Amino acid sequence: MTAATIAQGESPSHLRRLLRRAPLHLALGALLFIWLIPTIGVFINSFRSADAITSSGWWTVLTAPSGLNLDNYSQVLSQEDLGSKFLNSLYITIPATIIPTMLAAFTAYAFAWMKFPGRTWLFLVLVALIVIPLQTTFIPIGRMFNNFFGANINGTFLAIWLAHTAYGLPFAIYLLRNFMGSLPREVFESAYIDGASPVTAFFRLALPMSVPAIASLVIFQFVFVWNDLLVALIFIGPNTDNQPLTQALASLVNSYGSGWQYLAAAGFIAMIVPLLVFLSLQRFFVRGISAGSVKG
Amino acid sequence: MDSRIITALEVVLVVPAVLVGYILATERLISLAQGKWRERIRPWLWLTPALVLLTAFLIVPTIQTVWYSFHNKDGTQWRGLDNYAWFLNGPGLASLVNNVLWVVFLTLGTILVGLAVAVLADRVRYESFAKSILFMPMAISGVCAALIWKFMYWYQVPGVPQTGVVNEVLTKAGQNPIPFLIDSDFKIDTFALIFIMIWMWTGFGTVILSASLKSISPELLEAARVDGATEWQVFRKITFPLLAPTIAVVSTTMIITGLKAFDLVYTLTANGSYDTQVIANEMYNQYFNFGQYGRGAAIAVVLLIAIIPVMLFNIRRFQFQEGIR
């Protein structure tokens, strides 16, 4: 068919079709608009002065753009000390992502490819542990950290690394075990026939073949820890030197008065890392979150 | 250089090295054992680190929390069910009512809107773009969502230019602006918070439901249409029943999310002021602000009991999946 015949054939019916589908596009468009508007508003406000933010809505900028600048960003990083909180978030999140992922990888391999009595039963306990509310562990762990091998580690990175590692493990093992368990049996059987040890089979076969699942898990755990507020409130607590961004930001949102002009900029600084992760690795991110539907 | 950078670097390098070293060392150890014992010991050595952590940080603490819940504020005296009685007669009932609202409306909202978008987006060319936009709030923290919506719900007294979008719309429509985050009439503030959570989680519902929707065979739907079924009948009689298991899965996630709601309440209504308190915030309050271990533990146990049905559902689902494998 040539372009001319398409155009000829389409013009009346195409228009009718477009009209018939207009409600569909309108409904979707309206939803997308509602979903985007809140973030756009904060983004615009992050470039406005305190006076402007409190005296007129951000949408007035769209018709009369003026007074937009980067002052809030430079202020928030220096005065509110959010720069160091940003680093704290990185210090907390990176080890709390790498360690549980590694631990989960060989535990998952044992669950998937080694036979031992009680394997099914033990794994069911693990499935139950995925949804256990963290609240049921705070008080005893807090007391344990008061005297952890002779030292009070409440408020330190060590405390929150340990907590996030343990909290992240059930889901991490679950995800990787399900993936590793679905790898073809023949691969491992032929490796064992060739004399490979389980260690070799794990490092040379299972790990490289599980990269997609590991990527999803790493992203899931990274975003989960980066966005966490509750665990930080409990185990970092009032120790302001070690607080992550979420904690600093929550107290900024809570305090009326002083911090208003910084809020929007601070929010964007906190959002930028998970948003970049989401935009650049969307496929893995969505897969990780979807698999996490058991976690809640 | 900041000593914390060095500590963090050490942890990132040393701990993984230790873990790999551990696995290699176990293989050395196993090689000392006799033939069939090797296969028996190995799995347990591989499992030990994770089992130790899970036992020390999840299983034992949960048992201890149940024990604490029957004791006084610092765990020194047996108090029977006193803490539970206190909870139900004190802040408990209001928190439970709010949590029920959270669970019901969050689940309904995410599934209805999520399903609507999944069905609608299936028919347009910008489907993946639409889903990305909806999914984006999943990437940001509860605190950031709270901050974003604090601007949306911003209230100025009538007569002054409104600075929040929602109140601007209300004012333009001739209504009085509403102080959404402190107005407890008809639980407006709680619903305002729940709506933020729906905003955050709808993309999740959409993505999961959309994947399930695409697995329905188009021939089946076409056959029904050829037989004269209307679009609505096709949806109600074919699509919806086939989606039901997926809806159940999304529901369990949303139920847990609703029960565990904390960040938004902590950040936007000062940890549950103005009648917005929920279980998780009350637990934090008792434990952290008042040092009431017994009461805090009792609240945590209530939360655990509420989650047990979901736990059992997940176990059943897992057994089913393993069964058909």
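Residues numbered from 1 in each chain as written. Chains lettered and ligands numbered in written order. Predicted model: local features only at pLDDT ≥ 70, side-chain atom pairs only at ≥ 80, totals over all residues.

A.B. asks: Can you walk me through the overall build of chain B in this structure?
C.D. replies: Looking only at helices and strands, chain B has 13 helices and 0 strands in total. Along chain B, helices and strands appear, N-terminal first, in the series α-α-α-α-α-α-α-α-α-α-α-α-α. In terms of C-alpha radius of gyration, chain B reaches 26 Å, well past the compact-globule figure of 20 Å for 325 residues. Expressed along its principal axes, the backbone C-alpha trace of chain B runs to roughly 80 × 60 × 50 Å. Burial analysis of chain B (325 residues in total) assigns 41% to the buried set. Counted over contacts in chain B with a minimum sequence separation of 6, partners at least 24 positions apart contribute 64%. (Helix = DSSP H or I, 4+ residues; strand = E, 2+ residues; numbered from the N terminus. Rg over C-alpha atoms; globule rule 2.2 N^0.38 Å. Buried ≥ 20, exposed ≤ 12 C-beta atoms within 10 Å, placed from the backbone. Contact = placed C-beta atoms within 7 Å.)

A.B. asks: Please explain the overall build of chain A as it appears in this structure.
C.D. replies: In terms of regular secondary structure, chain A is built from 16 helices and 0 strands. Relative to all contacts within chain A whose residues are 6 or more apart in sequence, the contacts with residues 24 or more apart total 75%.

A.B. asks: Just to check I follow, could you spell out the interface of chain B and chain A for this structure?
C.D. replies: Note on interface size: it is often stated as the accessible area lost on association of the parts. The interface is formed by 88 residues belonging to chain B together with 80 residues belonging to chain A. In terms of residues, the side of chain B that touches chain A owes the most to one element, helix H2 (residues 35–68) of chain B, which gives 16 residues. Looking at the side of chain B that touches chain A residue by residue, the classes come out as 66 nonpolar, 14 polar and 8 charged. (Nonpolar A, V, L, I, M, F, W, Y, C, P; charged D, E, K, R; others polar.)

A.B. asks: What exactly am I supposed to notice about the environment of Phe220 of chain A here?
C.D. replies: Residue and element names in this part refer to chain A. Within the fold, Phe220 resides in helix H12 (residues 211–227). What makes Phe220 buried here is the crowd of 25 C-beta atoms within 10 Å. Along the sequence, Phe220 and Val125 sit 95 residues apart, while their C-alpha atoms lie 22 Å from each other.

A.B. asks: What is the right way to read helix H7 (residues 165–172) of chain B from this model?
C.D. replies: Think of an α-helix as turning once every 3.6 residues; residues three or four places apart then point the same way. Every buried residue belonging to H7 of chain B is among Val165, Val166 and Asn167 of chain B, and all of these are buried. The secondary structure elements touched by the buried residues of H7 of chain B are helix H2 (22–45) of chain A together with helix H6 (142–152) of chain B. Just beyond H7 of chain B, the residue with positive phi is Gly174 of chain B, at close to 85°.

A.B. asks: Honestly, helix H12 (residues 279–289) of chain B in this entry has me stumped. Any pointers?
C.D. replies: For H12 of chain B, the buried fraction is high: 8 of the 11 residues fall into the buried class. Just downstream of H12 of chain B lies Gly291 of chain B, where phi reads positive at about 60°.

A.B. asks: Would you mind showing me how to read the nonpolar core here?
C.D. replies: Within soluble globular proteins, side chains that are nonpolar tend to cluster in buried spots. Formed by 173 residues in total, the largest nonpolar core has its most connected members in Leu176 of chain A together with Leu303 of chain B. Ignoring any residue separated from it by four or fewer positions in sequence, one finds Leu303 of chain B in contact with Pro133 and Gln135 of chain A together with Leu259, Ile279, Ala280 and Met283 of chain B. (Core = buried A, V, L, I, M, F, W, Y, C linked by C-beta atoms within 7 Å.)

A.B. asks: Please clarify how the environment of Phe138 of chain A should be interpreted in this entry.
C.D. replies: Examined against the element boundaries, Phe138 of chain A turns out to sit in helix H8 (residues 135–146). Sequence-wise, Phe138 of chain A and Trp59 of chain A are 79 residues apart; in three dimensions their C-alpha atoms are separated by 44 Å. Setting aside its immediate chain neighbours within four residues, Phe138 of chain A contacts Ile234 of chain A together with Tyr287 of chain B.

A.B. asks: Would you explain unusual backbone geometry in this entry?
C.D. replies: What you tend to see is this: most non-glycine residues have negative phi, and most peptide bonds are trans. The backbone of Phe149 of chain A shows a phi angle near 50°, a positive value even though the residue is not glycine. Among the residues examined, Phe149 of chain A registers 6 C-beta atoms within 10 Å and is labelled exposed. The phi dihedral of Asn271 of chain B is positive, around 60°, even though this residue is not glycine. Mapping Asn271 of chain B onto the fold places it in the loop between helix H11 (263–268) and H12. The exposure class of Asn271 of chain B is buried, given the 22 C-beta atoms found within 10 Å.

A.B. asks: Teacher, can you tell me more about the confidence of the model for chain B here?
C.D. replies: Fine structural detail should not be taken from predicted coordinates in areas where pLDDT scores are low. Residue and element names in this part refer to chain B. Chain-level statistics for chain B give a pLDDT mean of 90 and a share of 99% at 70 or above. Mean pLDDT across the elements of chain B ranges from a minimum in helix H1 (residues 3–32), with 87, to a maximum in helix H4 (residues 92–121), with 94. As scored by the predictor, the complex reaches a pTM of 0.90 and an ipTM of 0.90. (pLDDT = per-residue confidence, 0-100.)

A.B. asks: Help me understand the packing of helix H6 (residues 82–113) of chain A against H12 of chain A in this model?
C.D. replies: Each pair of packed helices gets described by two things: the angle between the helix axes and the distance between those axes. Residue and element names in this part refer to chain A. Taken N-terminus to C-terminus, the directions of H6 and H12 make an angle of 145°; their axes are 9 Å apart at the nearest point. Helix-helix and strand crossings are classified by hand; for H6 and H12 the assignment is right-handed. Between H6 and H12, the residues in contact are Ser89, Ile92, Thr93, Ala96, Thr97, Pro100, Thr101 and Ala105 and Ile214, Leu217, Val218, Gln221, Phe222, Val225 and Trp226, respectively. Considered class by class, the residues forming the contact of H6 with H12 number 10 nonpolar, 5 polar and no charged. (Axes fitted to C-alpha atoms, helices over the stretch in contact; angles between N-to-C directions. Left-handed = near helix turned anticlockwise from the far one by under 90°.)

A.B. asks: Hey, could you run me through the packing of H12 of chain A against helix H15 (residues 260–280) of chain A in this one?
C.D. replies: All names here are of chain A. One way to put it is that H12 packs onto H15 with a least axis distance of 10 Å and a crossing angle of 165°. Classified by the angle their axes make, H12 and H15 are roughly antiparallel. Handedness of the H12/H15 crossing: left-handed. Contact residues: Ile219, Phe222, Val223, Trp226 and Asn227 in H12; Val273, Pro274 and Val277 in H15. (Parallel < 35°, antiparallel > 145°, perpendicular 65-115°, else oblique.)

A.B. asks: It is not clear to me how the confidence of the model for chain A should be interpreted in this structure. Could you clarify?
C.D. replies: Across chain A, pLDDT averages 86, with 93% of residues at or above 70. In the model, residues 1–9 of chain A has pLDDT below 50 throughout and makes 1 contact with residues more than four positions away in sequence or in other chains.

A.B. asks: I would appreciate a short explanation of the environment of Asn69 of chain A in the present structure.
C.D. replies: As for its placement among the helices and strands, Asn69 of chain A is situated in the loop between helix H4 (60–63) and helix H5 (71–78). Placed 23 residues apart in sequence, Asn69 of chain A and Ser46 of chain A show a C-alpha to C-alpha distance of 8.6 Å.

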